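# Tertiary structure, described
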Amino acid sequence: MPKLVAASLPLRWLSWLPLLVFVLPVLAVNLAWWISTEAEAIPACIPYLHGCASISAAGRGEPAIFMFRGAMIANAVLTMLFWTLAAVWLGLLSVPGSLRLRAMTWLGIGGSLFLIVYVVYLGTSGEGYRLMRRYGINCYFGLSYLAQLILAGYVSRHGESWGLSRRLSRAMLTSCVLLLLMGLASVPAKEWALDRKALSNILEWNLSLLLGGFYGLCQLAFRKTALRVDVRISPVSDQSPAP
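Note that this is a predicted model, so its numbers are computed, not measured.

Definitions and cut-offs
- Residues numbered from 1 in each chain as written.
- Predicted model: local features only at pLDDT ≥ 70, side-chain atom pairs only at ≥ 80, totals over all residues.
- Heavy atoms only, no water.
- Salt bridge = Lys/Arg side-chain N within 4 Å of Asp/Glu carboxyl O.
- Core = buried A, V, L, I, M, F, W, Y, C linked by side-chain atoms within 4.5 Å.
- Buried < 20%, exposed > 50% of the residue type's maximum accessible area, 1.4 Å probe, protein only.
- Helix = DSSP H or I, 4+ residues; strand = E, 2+ residues; numbered from the N terminus.
- Contact = heavy atoms within 4.5 Å.
- Disulfide = S-S within 2.5 Å.
- Axes fitted to C-alpha atoms, helices over the stretch in contact; angles between N-to-C directions.
- Left-handed = near helix turned anticlockwise from the far one by under 90°.
- Nonpolar A, V, L, I, M, F, W, Y, C, P; charged D, E, K, R; others polar.

### Observations concerning the pattern of salt bridges
Considering all chains together, one arrives at one salt bridge under this definition. Linking E160 and R166 is a salt bridge whose minimum nitrogen-to-oxygen distance equals 3.1 Å.

Here it is, written out as structure tokens:
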């Protein structure tokens, strides 16, 4: 029977994947905002502070939608790869709890799939399409947050034994706590705020930035643990000596 010889292949370039997952959507949404303001499709302001337009409004008009849709679909694919890699990374660090690892991976992948649903239906008209966009973006945020919470929990419990600083572990947990608090605060704030639409837009821009920032923190964790991925190569024949 042929055997597979295990070899450890250093893939340090993969440690830059989470940084790309953070930077790509930030560039995409801000470039879409700039293109749309230049085309006078939306008002000019600082959306993170003034909330004059939503991310959807910035990205759904032409010509911004072509860049925005392509960049966000690419980001969704990269994010799915990230969550797969994160599970491998935790497995190589001998993290217990295979069920939680699977849950983390599929929550992250599921969130990315819902992001694709949102982007595909962005710019379309009709009540059914509007519902698809709403469910797509809400499920993207919710599932991605749960995946991040599981990963932050692992790093918080085991990070020091991996050589990660306590500051990094706390930063990842703080990011998750802030996301939760902002999400909870948005419910009563939208009811009591004088300008509900503007507040909703402000929360949307900042929540997306904070959700992406978590991946930037993951990049630091990947680099500090010198990410290595085990691969199996080289079939070797196992021939028994002739009697």
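### Examining the nonpolar core
Ranked by internal contacts, the top residues of the largest apolar core, which has 56 residues, are F82, W83, W89, L90, M104, L151 and M172. Only α1 (17–38), α3 (55–59), α4 (64–92), α5 (98–121), α6 (127–158), α7 (166–192) and α8 (196–224) provide two or more residues apiece to this core. Beyond its immediate stretch of four places on either side in the chain, L90 contacts V95, L101, M104, L151, Y154 and W162.

### Structural notes on the state of the cysteines
Under the defined criterion, the tally for this structure stands at one disulfide. C176 forms no disulfide, and the closest cysteine sulfur to it belongs to C218, at a distance of 8.9 Å. Judged by its relative accessible area of 1%, C176 falls in the buried class.

### Comments concerning the side chain of R133
By the secondary structure assignment, R133 is in helix α6. With residues up to four places along the chain from it excluded, the contact list for R133 reads Y118, Y121, L122, G123 and T124.

### A look at unusual backbone geometry
Residues apart from glycine generally show negative phi values, whereas peptide bonds are mostly found in trans. Here the residue pair E62 and P63 is connected by a cis peptide bond, since its omega of 5 degrees sits within 30 degrees of zero. Of note in this structure, E40 is not a glycine but carries a positive phi near 60 degrees.

### A few points about the packing of α4 against α8
Following both chains from N to C, one finds α4 and α8 inclined at 40 degrees, their axes separated by 12 Å at the closest point. Viewed along their axes, α4 and α8 form a crossing whose handedness is left-handed. Side by side, α4 and α8 meet where T79, F82, W83, L85, A86 and W89 of the first sit next to Y215, C218, A221 and F222 of the second. A per-class count over the contact of α4 with α8 returns nine nonpolar, one polar and no charged.

Such coordinate-based values are descriptive only and should not be taken to indicate function.
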